[in-house]
Each structure stands twice: as structure tokens, then as C-alpha cells.
Amino acid sequence: MNLYNLFKSVAFQIDPETAHNQSMALLSRFPESLATFLGVHEKLLENDSSLDLSVSLNDGNTWSFPVGLAAGLDKNAEAINFFSTIPFGAIEVGTVTPRPQEGNPKPRMFRLKEEESLLNRMGFNNEGMDQVFLHLKKADRHGKVVGVNLGKNKTTPQDSAAEDYRVLFNKFAPVASYLVINVSSPNTPGLRDLQSISSLKEIFEALQDLRREYSVPLYLKISPDLALEDLPAIVELAQEFKLSGLIATNTTIRKDLGVGGISGRLLQEKGRLVREKVLEALGPDSELELIGVGGITTFNDLLDFWRAGGKVCQIYTAFIYQGPGLLLDWRQQMIDLMNKGQVKNFEELRTFIQKDSPLAQRS
Ligand SMILES: Cc1cc2nc3c(=O)[nH]c(=O)nc-3n(C[C@H](O)[C@H](O)[C@H](O)COP(=O)(O)O)c2cc1C
């Protein structure tokens, strides 16, 4: 049994949010020693300097690895020192709101173990932008890309939402590698209505002057529950406002499984369909990027994403179920493919995979 499985066998005996909070407390206190203990510290990796898995995006950022940490795990930017010391290519913190917020009543996080999935209705519990900003300033990022995911407070009236995003943008633009407008969480009443074209326009128009001041990359994170036929209009809007790209997807609503958002394997198919539709609407030579997230569970999911034209992705639920060793496993599979394809860098690897070589076929 590997060490993460041992840890999991204990952690999965207790309530998910308590396990989460206790793990985060440990990770923030002992980042280096825990990374070493779990065998995932980057300094332990055998580095073949002739193989380069870093990915340069059109937004100007370079991810050191094509897989990053999705928003919601490190909401308050407390454990960047840990997550940046393991082989994540980028880390997204948040969602952060202008004012501190308690979130929804507990319990609000549930495991669906058989389905390798989670149900959550956290409701943007976070310490608020001032505190999160201080954590970010103090963190050691080990040179990694760190994005900040922004959300409106629950008590902010719907028609003042743009002002919340302005205040947050202004606060984090100087310290973030990229920013994300999050209007896709199912757990803040009315939030997803802001995905209408007119509401999105209002938000992006309100940010225009700040974006001229700060050139920080800006993304929009979308829900998997948008109708596929509505996606091209959102892509068009993102192009019109010269966003850096989209992040697809957030969690999905499954009323049959309870109130909240579903992530993990149960989102695999829906997430893939939405990403493929977005990539199709973006076209092959798009300046805009798609950060893929939502149900990415196996290395084959990553191959599917690359074949469809994607580059970098994020994970949350697979990380909880499979542990940080998953990053080493996927890294090794990439290296094996690079050796087989006799390619040396990520772009060549992606081209090799897209050629649909039998070596890279779905297993
Ligand atoms: C407990 C939990 C909390 C989350 N909190 C946030 C959040 O604050 N902001 C956000 O944009 N996404 C949040 N997410 C969504 C994830 O970032 C991701 O989009 C989603 O879980 C799908 O990816 P996955 O299947 O790899 O988990 C949360 C997910 C979970 C499971």
C-alpha cells in the first residue's frame, strides 16, 4: 500500500470537510517534509533534461507541466508552498470573494466513493480578499503559475455583481499569473444566471479600464450545464473581449444525487463534450486557450483532451481519490510516449498523439 492510500484509509473514515481542513492545516505547516514523505517532492524526480514537458500558453504563462490544480481545494491560498513543490504545472487558488464568507450550512461536502466523485455545496466559504492576498504575497511559488479565481459575495445584489469582480480584479491583478471570472458555481444563488451574454458583457465592460492598466491574463470559467448550442456565443464573447480563454468546466447539477455540484468520474463525459464543443468553436488556430477541467480522471482523459486540440488541464476530484502519485504516474506515461514517439517537447508530443499513432491509442 502506498503512503497516500494509507493516509486515505484514515481520512476517508472521517467527515470529508473535516478531513479536508485537517489535511490543509498539515500541508500548510509542513509543505516540504510532507512532499518528501509522500515521495512527490519535485527534487526527488529523475529529470531527463532532454525531455521538456512545459507548456507555453498564448497568455504568456508557461506551465511547468500540462496538469494543474483546480480551484476550490486551496480556497484561501494557504498551501501554495506544498502544491508548488509537487509536480503540478500551475495552481489555481480561490474562489475568493471581496468580503469573508462562511458558505452554506454543514455538512456540505460528500463522497460518492463508488463513482470516484464528490458532491459539494460549499458556497464560496473563504477568508475574503484581504486575507487571501496576504497569503499569496507570503507564499513560495517555486516559480509556478498561480491563478486566482474570483467570485461575488452571496449578499452582493445580482445587479452589483460586476462591481465585486472589479474590486477583486484590482486587488489580485498585481500578484496573480492569471485571473478567473467564476460565474459557474451552482452553490451561490443566481450566480449561474450571470452566464447570460448580457450579464457577461456587463462584467467584462466593467473591467475594461482595469484591463488596460494591468495586462494580467483573464479567463472565464463555465458550467457544464450550459446548453451545447449556447457555447459558440460565449466563445464569441470571449473573443470580442479578448479574454485569454475559457476554463471548462465547473461542477454539474444532478438533482437525483442531492443539492450541490458533482465532480469527478460522474462528470467525465459531460465535461469532455463541453470541452470538445468549446475547442470546436475556438478553431485550431485560436489565440484563446481552453484550460480543461471537469471529470478528468485517467490518462486517457488527458489524451482525449489533447486529441481534441486542448493543451493544459486541471484536476480536483481525481487528486483526492488517487493522490499526488497520480501526477507521477501521468508524467511517466507522457515520458514513455515521448520516448516511443522520439519527441522531445510537449508540442511535439501533442502532435504525435494527434496523429493518432497506434502507440497513443486509447487502451
Ligand atoms: C469541494 C469542491 C469545492 C470547489 N470549489 C470551487 C471553487 O471555489 N471555485 C471554482 O471555480 N471551482 C470549485 N470547484 C470545482 C473544481 O474547480 C472543478 O471545476 C470541478 O471539481 C471539476 O473538476 P474535477 O472533476 O477534476 O473535480 C470545487 C470542487 C469541489 C469538489
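What this report covers is the structure whose coordinates are included nearby.

About the thresholds
- Residues numbered from 1 in each chain as written.
- Predicted model: local features only at pLDDT ≥ 70, side-chain atom pairs only at ≥ 80, totals over all residues.
- Heavy atoms only, no water.
- Helix = DSSP H or I, 4+ residues; strand = E, 2+ residues; numbered from the N terminus.
- Rg over C-alpha atoms; globule rule 2.2 N^0.38 Å.
- Buried < 20%, exposed > 50% of the residue type's maximum accessible area, 1.4 Å probe, protein only.
- Contact = heavy atoms within 4.5 Å.
- Areas by Shrake-Rupley, 256 points an atom, 1.4 Å probe, with all protein chains shown as cover.
- Lys, Arg positive; Asp, Glu negative; His and termini not counted.
- Charge placed at Lys NZ, Arg CZ, Asp CG, Glu CD.
- Arc of directions from axis to C-beta.
- Pairing = 2+ DSSP bridges.
- Axes fitted to C-alpha atoms, helices over the stretch in contact; angles between N-to-C directions.
- 1 Å grid on protein atoms, 1.4 Å probe; cavity = no way out; pocket = protein on both sides within 12 Å on 5 of 7 lines; lining within 4 Å.
- Points joined across faces, edges and corners; volume = space filled by probe spheres on them.
- Nonpolar A, V, L, I, M, F, W, Y, C, P; charged D, E, K, R; others polar.
- Phe/Tyr/Trp six-rings, centres within 6.5 Å; stacked < 30°, edge-to-face > 60°.
- Lys NZ or Arg CZ within 6 Å of the ring centre and 35° of its normal.
- Polar contact = N/O pair within 3.5 Å; in protein donor to acceptor, adjacent residues only side chain to side chain.
- Parallel < 35°, antiparallel > 145°, perpendicular 65-115°, else oblique.
- Left-handed = near helix turned anticlockwise from the far one by under 90°.
- Near = heavy atom within 4 Å.
- Sits in = over half its atoms within 2 Å of the grid points.

1. Points about the overall build of the protein
Piece 1. Within the protein one finds 13 helices and 13 strands.
Piece 2. Over its C-alpha trace the protein gives a radius of gyration of 19 Å, about what one expects of a compact globule, namely 21 Å for 363 residues.
Piece 3. Across its three principal directions, the C-alpha atoms of the protein cover 55 × 45 × 40 Å.
Piece 4. Across the 363 residues of the protein, 57% fall into the buried class.
Piece 5. Taking the intrachain contacts of the protein between residues at least 6 apart in sequence as the baseline, contacts between residues at least 24 apart amount to 74%.
Piece 6. Element-wise, carbon and sulfur atoms account for 50% of the exposed surface of the protein, whose accessible area totals about 15400 Å².
Piece 7. A distance of 3 Å separates the average location of the 39 positive side-chain charges in the protein from that of its 45 negative side-chain charges.

2. Regarding helix 8 (residues 231-240)
Piece 1. The complete set of buried residues in helix 8 reads Leu 231, Ile 234, Val 235, Leu 237 and Ala 238. The buried residues of helix 8 occupy an angular sector of 160° when the element is viewed end-on, so they sit on one face.

3. Quick notes on the sheet that holds strand 11 (residues 261-264)
Piece 1. Pairing in this open sheet of three strands is antiparallel, and the strands run 5-6-11 from one edge to the other. Of all the strands in the sheet, just strand 5 (109-112) and strand 11 have a single pairing partner and so form its edges. Mean inter-strand twist for the sheet, computed between neighbouring axes without regard to direction, equals 25°.
Piece 2. Inspection of the sheet shows strand 6 (residues 117-120) paired to strand 11 by four bridges, in the antiparallel sense. Paired with Asn 120 across the two strands is Gly 261, which belongs to strand 11.

4. Some points on the layout of surface pockets
Piece 1. The computed volume of the largest pocket comes to approximately 840 Å³.
Piece 2. Counting only elements with at least two residues in the lining of the largest pocket, the list comes to helix 2 (16-29), strand 4 (90-96), strand 6, strand 11, strand 13 (313-315) and helix 11 (317-322).
Piece 3. Of the residues assigned to the lining of the largest pocket, the class counts are 15 nonpolar, 27 polar and eight charged.
Piece 4. Here the second largest pocket is characterised by a volume of approximately 520 Å³.

5. So, the packing of aromatic side chains
Piece 1. One pass over the structure, following the stated rule, counts 11 aromatic pairs.
Piece 2. When the centroid spacing of 5.3 Å and the interplanar angle of 75° are considered together, the rings of Phe 82 and Phe 83 count as edge-to-face.
Piece 3. For Phe 82, a relative accessible area of 2% puts it in the buried group.
Piece 4. Among the aromatic residues, ring-to-ring pairing joins Phe 82, Phe 83, Phe 88 and Phe 319 into one connected group.
Piece 5. One residue, Arg 111, lies across the ring of Phe 12, its end atom 4.3 Å from the ring centre.

6. Re helix 10 (residues 299-307)
Piece 1. In terms of burial, helix 10 is largely enclosed, as eight of its nine residues are buried.
Piece 2. Listed in full, the buried residues belonging to helix 10 are Phe 299, Asn 300, Asp 301, Leu 302, Leu 303, Asp 304, Phe 305 and Trp 306.
Piece 3. On its buried side, helix 10 packs onto strand 3 (67-69), helix 9 (268-282), strand 12 (289-292), strand 13, helix 12 (325-341) and helix 13 (346-354).

7. So, the environment of Lys 311
Piece 1. Note on placement: Lys 311 falls in the loop between helix 10 and strand 13.
Piece 2. Separated by 36 residues in sequence, Lys 311 and Glu 347 place their C-alpha atoms 8.8 Å apart.
Piece 3. With near-sequence residues (within four places) excluded, Lys 311 lies in contact with Val 55, Ser 56, Leu 57, Asn 58, Pro 66, Glu 289, Phe 305, Trp 306, Phe 346, Glu 347 and Arg 350.
Piece 4. For Lys 311, the side chain forms a polar contact with the side chain of Glu 289, separated by 3.0 Å.

8. A word on the packing of helix 6 (residues 161-172) against helix 7 (residues 197-213)
Piece 1. One way to put it is that helix 6 packs onto helix 7 with a least axis distance of 9 Å and a crossing angle of 30°. When the axes of helix 6 and helix 7 are compared, the pair comes out roughly parallel. The hand of the helix 6/helix 7 crossing is right-handed. Contacts between helix 6 and helix 7 involve Ala 162, Tyr 165, Arg 166, Phe 169 and Asn 170 on the former and, on the latter, Glu 202, Ile 203, Ala 206, Leu 207, Asp 209, Leu 210 and Arg 211.
Piece 2. For the contact of helix 6 with helix 7, a count of residues per class yields seven nonpolar, one polar and four charged.

9. Quick look at the site of the ligand
Piece 1. Within the structure, the ligand sits among 24 residues, and Ala 71, Thr 95, Gly 264, Gly 295 and Thr 317 are positioned closest to it.
Piece 2. Lys 221 has a polar side-chain atom sitting 2.9 Å from an oxygen atom of the ligand.
Piece 3. Interatomic distance of 3.4 Å between a backbone N/O atom of Gly 294 and an oxygen atom of the ligand.
Piece 4. For the ligand, whose accessible area on its own is 600 Å², the fraction buried by protein is 98%.
Piece 5. Placement of the ligand is best described as lying within the largest pocket.
Piece 6. Looking at the shell around the ligand, the elements that each hand over two or more residues are strand 4, strand 6 and strand 11.
Piece 7. Residue classes in the shell around the ligand are distributed as eight nonpolar, 14 polar and two charged.

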